[in-house]
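Below are the chains, spelled out letter by letter.
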Amino acid sequence: MKTDQEIVEAVKGGRSQGQRLMADRYAQQVFATIARMVDDARDAEELAQDTFLRAFSHIGSYDPKQASLGTWLCRIAYRLALDFLKRRRPVIVSMEETAVWQTDVSDEQLEAGLSTGSEERIDRLMLLMDDLPPDERLLLTLHYFENRPLQDCAFIMDTTAHALANRLYRIRLKLYKRLKQYDNA
């Protein structure tokens, strides 16, 4: 089994075997990243192909000291998906979302409100996640479901770990408030 560095060297050398190995090894991960942001499977497949084409043509900019090959590919996928979404529809922010950070809810209250063993509550939380903007869904998935450290998430999303920590808090707060509304209905 070839290492990532051997694959990168093969791609740099213009060998199609390296391209095939890279695509085989990371196609699922790249597609999953895009599919969390783009609803249509055909669009997601096309963006995944574009991700590899971009990676092949920019392989010289890959630095294994900054990120793993998979993380680097996910960053390319994320950027392509964002560009795609920006072209497809304008971003609309509700007044509710702009004020969501202005609250006195502690981390402990958020954890208690979002953590539960109830099947129905978990299903409701997953439905609420589906209603989040694509980049917020991706961040939650990368960090909580794939257990990626904030540093990897920050690299993929081209920001800082500190900014993502703040953003995670705001997203969790939004979910907490929406879950509370559902519980009180």
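Counting from 1, residues in each chain are numbered in the order their sequence is written. Reporting in this predicted model follows two pLDDT cut-offs: at least 70 for local features of residues, and 80 or more for side-chain atom pairs to be given and counted; totals over whole chains, interfaces and linings ignore these cut-offs and use all residues. Think of the side-chain values as coming from all heavy atoms in the structure, minus any hydrogens and water.

Overview of the pattern of salt bridges
Move 1: We define a salt bridge as a contact between a side-chain nitrogen of Lys or Arg and a carboxyl oxygen of Asp or Glu at a distance within 4 Å. Evaluation of the coordinates by the stated rule reveals nine salt bridges.
Move 2: Asp43 serves as the salt-bridge partner of Arg88, at 3.9 Å between the closest nitrogen and oxygen. In this pair, Arg88 is assigned in helix H4 (residues 69-88) and Asp43 in helix H3 (residues 41-57), connecting sequence segments 45 residues apart.
Move 3: Summary of the burial criterion: residues with accessible area below 20% of their type's maximum are buried, those above 50% are exposed, and those between are partly exposed, where the area comes from a 1.4 Å probe applied to protein chains only. When its relative accessible area of 55% is taken as the criterion, Arg88 is described as exposed.
Move 4: With a shortest N-O distance of 2.8 Å, Glu136 and Lys174 are connected by a salt bridge. Of the two residues, Glu136 is situated in helix H8 (residues 134-145) and Lys174 in helix H10 (residues 161-184); the sequence distance between them amounts to 38 residues.
Move 5: You can call Glu136 buried: its relative accessible area is 12%.
Move 6: Look at the salt bridges and you will find they share partners, linking Arg36, Glu146 and Arg148 into a network. Helix and strand definitions follow DSSP, with helices as H or I runs of at least four residues and strands as E runs of at least two, each counted in order from the N terminus.

Considerations on the confidence of the model for the protein chain
Move 1: Residue-level pLDDT values for the protein chain average 85, and 83% of them are 70 or greater.
Move 2: Taken element by element, the protein chain is modelled with least confidence in helix H5 (residues 95-98), mean pLDDT 46, and with most confidence in H3, mean pLDDT 96.
Move 3: pLDDT gives the predictor's per-residue confidence on a scale running from 0 to 100. Only heavy atoms enter the contact rule, under which two residues are in contact if any of them lie within 4.5 Å. Low pLDDT, under 50, characterises residues 93-102; the stretch is placed with 10 contacts to residues that sit more than four places away or in other chains.

Regarding a negative patch on the surface
Move 1: Residues qualify for a patch when their relative accessible area is over 30% and they have no salt bridge, like charges being joined within 9 Å and the nonpolar side chains of Val, Leu, Ile, Met, Phe, Trp and Tyr within 5 Å. Computed with a 1.4 Å probe, the accessible areas rest on the Shrake-Rupley method; for each residue, only the protein chains presented here act as cover. His residues and chain termini do not enter the charge count, which takes Lys and Arg as positive and Asp and Glu as negative. We put the charge of a Lys on NZ, of an Arg on CZ, of an Asp on CG and of a Glu on CD. Taken together, the side chains of Asp39, Asp40, Glu45, Asp130 and Asp131 present a region of like negative charge at the surface.
Move 2: Within the element layout of this structure, Asp130 appears in helix H7 (residues 119-130).

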